[in-house]
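Below, each chain spelled out in residue letters.
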Amino acid sequence: MAGRFAPRPPSHATVREAVPASVVPRQAAGPRTRTWVPPGPYDLGLVLGPLRRGGGDPTFRATGDGSVWRATRTPAGPGTLRVYTGGGEVRGEAWGPGADWLLDRLPELLGAADEPDVFEPRHRLVALARHRRPGLRLTRTGLVLESLIPSVLEQKVTADEAYRAWRRLVSWFGEPAPGPAGTGERPMRVMPAPRTWALIPSWEWHRAGVDDKRASTILRAVRLAARLEQTAGMTPAEARTRLEVVPGIGPWTSAEVVQRSHGAPDAVTTGDLHLPRIVGWALAGNRDADDAEMLRLLEPYAAEGQRHRAARYVLLSGSVPPRRHPKMRKTDIGRW
């Protein structure tokens, strides 16, 4: 049963008490800053959008002034990053123990390591989507667990259910984000540390709507947190191989992780309920395409290692097959 290996698991109340609001880092001398100049067209929302897990994600926020806020746990500790564009450059401001780590890797997060110019559209729809959205670059966070845990939560459930579980668990067991984002009416939160995830009792997973299978996968992963974070320095293929050694982590989950942690342009997601049908419909008018058909259609992009990027452009095109069946039924086991 999830959480039973912990001798004295705390409740979310005790975790909150362990990190009182009074210790939230304040913006005393101002944030540390860094700027980066994109080499071409740039769309901050497209680049960082995949890091958002639903509209209520407590670790991610887009504000009306065009800023993107991100609260995360780095190897140096918790950190908050605010990113915004202006004057042809992107500016980052960071708070907390992880501020220097975040700013050191700001260009990679913003897509500096990506090479969008090597992409050559092979379909008219893909070419049109690229023309309309030229600011797409693939982010590279350099962090594995922060993408792995929400990806596991998204296994075999609707996006709404997964986002709700992520929001609840981070709100209950995470800690306040450093800097101004950790205060106010809607304070942001940093996801729990691996040990805190490991101490979440089984009934709290249930309250969050997470079944025992997904909870157990996360518990296995956090026990191996250090080994899994090392994969950020590997190639995407090597990283996926190590991730899939963990029971409960398969090709779908590993692809979703390296797309964000490594900015992997060829890590197309297989095993997805909707993506093969969307790609099949957009590129061949086949609403019943499976993984094999999707990979066949994306084969022209395989030689350049760009299948995931091609799939992103397909999704950005807005071409989706007409719905024939009702949506997947939403459930919340926390109410049972």
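Refer to the structure above for everything that follows.
The structure contained in this document is the topic of the report that follows. (Residues numbered from 1 in each chain as written. Predicted model: local features only at pLDDT ≥ 70, side-chain atom pairs only at ≥ 80, totals over all residues. Heavy atoms only, no water.)

Digging into the environment of proline 247
Next, step 1: Positionally, proline 247 belongs in the loop between helix 12 (236-243) and helix 13 (251-261).
Next, step 2: Along the chain, proline 247 and serine 216 lie 31 residues apart, while their C-alpha atoms are 9.2 Å from each other. (Helix = DSSP H or I, 4+ residues; strand = E, 2+ residues; numbered from the N terminus.)

As for the pattern of salt bridges
Next, step 1: A full pass over the atoms with the stated rule returns 15 salt bridges.
Next, step 2: Between glutamate 204 and arginine 207 there is a salt bridge, and its shortest N-O distance comes to 2.9 Å. Here arginine 207 and glutamate 204 lie together in helix 9 (residues 202-207), a separation of three residues that amounts to about one turn.
Next, step 3: Residue classification places glutamate 204 among the buried residues on the basis of a relative accessible area of 3%.
Next, step 4: By relative accessible area, arginine 207 is classed as partly exposed at 37%.
Next, step 5: A salt bridge links arginine 296 to glutamate 293; the nearest nitrogen and oxygen atoms lie 2.8 Å apart. On the criterion of helical spacing, the pair formed by arginine 296 and glutamate 293 is a turn pair, its members being three residues apart in helix 15 (residues 291-297).
Next, step 6: You can call glutamate 293 buried: its relative accessible area is 18%. (Salt bridge = Lys/Arg side-chain N within 4 Å of Asp/Glu carboxyl O. Buried < 20%, exposed > 50% of the residue type's maximum accessible area, 1.4 Å probe, protein only.)

Focus: the pairing of strand 3 (residues 68-74)
Next, step 1: Counting buried residues in strand 3 gives seven out of seven residues, a clear majority hidden from the surface.
Next, step 2: Side chains Val68, Arg70, Thr72 and Thr74 of strand 3 all project onto a buried face; the interleaved residues Trp69, Ala71 and Arg73 project onto the opposite face, where all are buried too.
Next, step 3: Note that strand 2 (residues 60-62) and strand 3 share three bridges and pair antiparallel. Bridging from a neighbouring strand, arginine 61 pairs with tryptophan 69 of strand 3. (Pairing = 2+ DSSP bridges.)

Thoughts on helix 12
Next, step 1: Ala239, Arg240 and Leu243 are the residues of helix 12 that are buried. Considered in projection along helix 12, the buried side chains sweep an arc of 100° and stay on one side of the axis. Those residues of helix 12 that are exposed and angled more than 90 degrees off the buried face are Ala237 and Thr241.
Next, step 2: In this structure, the buried residues of helix 12 make contact with helix 6 (145-153), helix 11 (225-229) and helix 13. (Arc of directions from axis to C-beta. Contact = heavy atoms within 4.5 Å.)

Let's talk about the packing of helix 6 against helix 10 (residues 212-223)
Next, step 1: Relative orientation of the contacting elements helix 6 and helix 10 amounts to 165°, with a least axis distance of 9 Å. As the angle between them shows, helix 6 and helix 10 are arranged roughly antiparallel. Crossing handedness for the pair helix 6 and helix 10: right-handed. Contact residues: Leu145, Leu148, Ile149, Val152 and Leu153 in helix 6; Arg214, Thr217, Ile218, Ala221 and Val222 in helix 10.
Next, step 2: Tallied by class, residues from the contact of helix 6 with helix 10 come to eight nonpolar, one polar and one charged. (Axes fitted to C-alpha atoms, helices over the stretch in contact; angles between N-to-C directions. Parallel < 35°, antiparallel > 145°, perpendicular 65-115°, else oblique. Left-handed = near helix turned anticlockwise from the far one by under 90°. Nonpolar A, V, L, I, M, F, W, Y, C, P; charged D, E, K, R; others polar.)

Interpretation note: all reported values are geometric properties and have no functional meaning in isolation.
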